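As a plain string of letters, each chain reads:
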Amino acid sequence: MIGEKNVSWKDGDQTLAQNKLVITGMGALTPIGLDVPSYWKALTAGVCGVGPITRFDASGLPVQIAAELKGFDPIDYMPKTLARTMDPFMQYAFAAAEQALMDSGLDVADAPDRIGIVMGTAMDGVTTVAGTQASYDAGHRVGPRFVPMTIGNIAAAQISIMHGITGPSLTLNTACSAGGDAVMTAAMLLRAGEADAILAVGGESILCPVVVSGLAQAHALSRRNDDPAHACRPFDAERDGFVIGEGGGALIIETEAHARARDAHIYAELVGYANTSDAHHVTAPHPEGAGAAACMRRALARAGMEPGDIDYINAHGTSTGLGDIAETLAVKTVFGGRESAPPISSTKSMTGHLMGAGGLTEAIACIMAIHDGILPPTINLKTPDPACDLDYIPCTARRAHIRTAMSNSLGFGGQNSSLILTQYAY
């Protein structure tokens with residue numbers, strides 16, 4: 001059962017009144033769509049965004065495939081002079097933020113100090129670092145923009161400068177859970193009264209030879225170079241690693257009172273969020289998914305919900321051998337077996353792994369599933385791994401009545417993030 005939302009609790013010597021948090025704006029740039037409507041249409045149609053790497057010559061690498069952003073022109077969202085000062089991860093975050101702000105109708109000028117930004121990214125400006133090093137080794141000078149193009153917080157700073165947002169600004173670097181953690185941190189700021197609205201945003205672009213080579217040597221990536229459309233196959237017995245993706249995602253999160261005072265359109269309510277650490281290994285998940293299970297339980301407790309209240313889970317589901325099994329065990333620990341666990345899917349099967357942006361774009365998939373009553377599929381799931389025996393919505397989208405959805409993001413270092421979103425009711 002869903003617990004009371006308007007309650008109070010003790011926090012040290014302070015009693016804090018809990019106010020509903022609502023989603024009023026969304027933005028997404030993904031390998032299968034450059035805005036929320038096109039992204040969602042492609043997800044429900046089972047479109048795959050994986051193909052040969054075109055960003056650079058990958059012919060000498062063991063992995064030559066990725067889910068690249070296609071057709072993106074930064075000039076559609078920012079002046080050309082500004083685009084030149086940004087690493088791709090910044091451009092993607094900036095563009096997603098522009099979409100979300102426009103979608104929300106939020107007037108920053110009304111109270112710029114009551115609006116904040118929380119940014120999530122895993123590897124910051126690594127492509128600029130790699131490209132600059134190669135250029136430097138070839139005898140070229142390092143340009144004056146190198147440092148600000150590589151620092152993670154400059155993405156949020158550029159958004160702040162463009163719109164005059166003067167409230168809290170934080171950047172999180174919690175690997176692949178950074179996007180989900182950005183949403184959680186935004187919620188914490190709102191609960192603490194530090195702002196009335198927060199732009200939670202994520203951006204990632206790690207496509208460069210050194211990163212692809214490093215992940216390939218770690219045996220983390222799929223090597224289906226001759227069949228990219230079927231390379232990412234979460235929970236399938238024939239999976240052989242994840243596929244690098246890139247993109248950006250953004251949500252406008254507000255207190256209910258603030259959103260209703262300006263008559264904003266409300267997409268969903270953010271009711272639960274949590275973060276935990278495995279304390280197990282730098283790259284491998286806890287073999288029983290203990291940290292992920294603890295994270296889901298904390299999110300449920302914060303939401304005042306039981307496992308049976310969750311109608312759909314958007315899994316982390318990267319298509320790695322250890323990761324998919326650990327996540328399956330975590331879900332079983334919290335929800336029980338196949339009969340009691342809700343339907344689950346991995347949209348990474350279509351977008352690839354968007355790293356720090358994934359938590360935002362996958363939360364958007366949850367919101368759209370609630371809104372439209374459609375569960376996106378896990379494509380390429382042809383031969384289920386016997387150790388991954390839950391309902392992973394194989395290959396084809398499914399109609400269903402969805403009131404509440406959970407989005408999980410798990411990262412290197414044992415980072416775990418879990419978000420719970422539900423239908424908004426006045």
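Reference entry: report on the structure contained in this document. (Residues numbered from 1 in each chain as written. Predicted model: local features only at pLDDT ≥ 70, side-chain atom pairs only at ≥ 80, totals over all residues. Heavy atoms only, no water.)

Turning our eyes to something else, we now look at the packing of helix H10 (residues 290–303) against helix H11 (residues 321–335). Where H10 contacts H11, the two axes come as close as 8 Å, and the packing angle between them is 40°. With respect to H11, the element H10 is oriented oblique. As H10 runs across H11, the sense of the crossing is right-handed. Seen from H10, the contacting residues are Ala292, Ala293, Met296, Arg297 and Leu300; seen from H11, they are Ala330, Val331, Thr333, Val334 and Phe335. Of the residues in the contact of H10 with H11, the class split is 8 nonpolar, 1 polar and 1 charged. (Axes fitted to C-alpha atoms, helices over the stretch in contact; angles between N-to-C directions. Helix = DSSP H or I, 4+ residues; strand = E, 2+ residues; numbered from the N terminus. Parallel < 35°, antiparallel > 145°, perpendicular 65-115°, else oblique. Left-handed = near helix turned anticlockwise from the far one by under 90°. Contact = heavy atoms within 4.5 Å. Nonpolar A, V, L, I, M, F, W, Y, C, P; charged D, E, K, R; others polar.)

Under the counting rule described, the total for this entry stands at 10 salt bridges. Note that glutamate 246 and arginine 55 form a salt bridge whose closest N and O atoms lie 2.4 Å from each other. Remark: arginine 55 occurs in the loop between strand E4 (51–52) and strand E5 (65–66) and glutamate 246 occurs in the loop between helix H8 (209–217) and strand E9 (247–255); sequence separation between them is 191 residues. Across the salt bridge formed by aspartate 324 and arginine 239, the nearest N and O atoms sit 3.2 Å from each other. Taken together, the residues aspartate 324 in helix H11 and arginine 239 in the loop between H8 and E9 connect sequence positions 85 residues apart. For aspartate 324, a relative accessible area of 0% translates into the label buried. By relative accessible area, which is 11% here, arginine 239 ends up buried. Counted as one network, the salt bridges with shared partners bring together Arg239, Asp324 and Asp385. (Salt bridge = Lys/Arg side-chain N within 4 Å of Asp/Glu carboxyl O. Buried < 20%, exposed > 50% of the residue type's maximum accessible area, 1.4 Å probe, protein only.)

Backbone geometry follows two general trends: most residues other than glycine have a negative phi, and most peptide bonds adopt the trans configuration. Of note, aspartate 124 is a non-glycine position whose phi angle comes to about 50°, a positive value. Topologically, aspartate 124 is positioned in the loop between strand E6 (115–120) and helix H4 (126–137).

One face of the sheet, then the other: side chains in a regular strand alternate in exactly this way. Of all 9 residues that make up E9, 9 are buried, and the element is covered over most of its length. Here E9 shows two buried faces, one formed by Gly247, Gly249, Leu251, Ile253 and Thr255 and the other by Gly248, Ala250, Ile252 and Glu254. As paired strands, strand E3 (residues 21–29) and E9 are joined by 8 bridges and run antiparallel to one another. Each bridged residue has a counterpart across the sheet, and for leucine 21 the counterpart in E9 is threonine 255. (Pairing = 2+ DSSP bridges.)

By size, the foremost hydrophobic cluster in this structure holds 46 residues, and its most contacted members are Leu251 and Ile253. Take this core: its biggest share by element is 9 residues, from helix H13 (residues 358–372). Residues Ile117, Ala156, Ile159 and Ala197 belong to the second largest nonpolar core, which totals 32 residues. (Core = buried A, V, L, I, M, F, W, Y, C linked by side-chain atoms within 4.5 Å.)

Looking at the secondary structure, you find serine 222 in the loop between H8 and E9. When the C-alpha atoms of serine 222 and threonine 320 are compared, they prove to be 8.6 Å apart, with 98 residues separating the residues in sequence. At 3.3 Å, the side chain of serine 222 and the backbone nitrogen of arginine 224 are in polar contact. Among the polar contacts listed, one links the side chain of serine 222 to the side chain of aspartate 240, at a separation of 2.7 Å. (Polar contact = N/O pair within 3.5 Å; in protein donor to acceptor, adjacent residues only side chain to side chain.)

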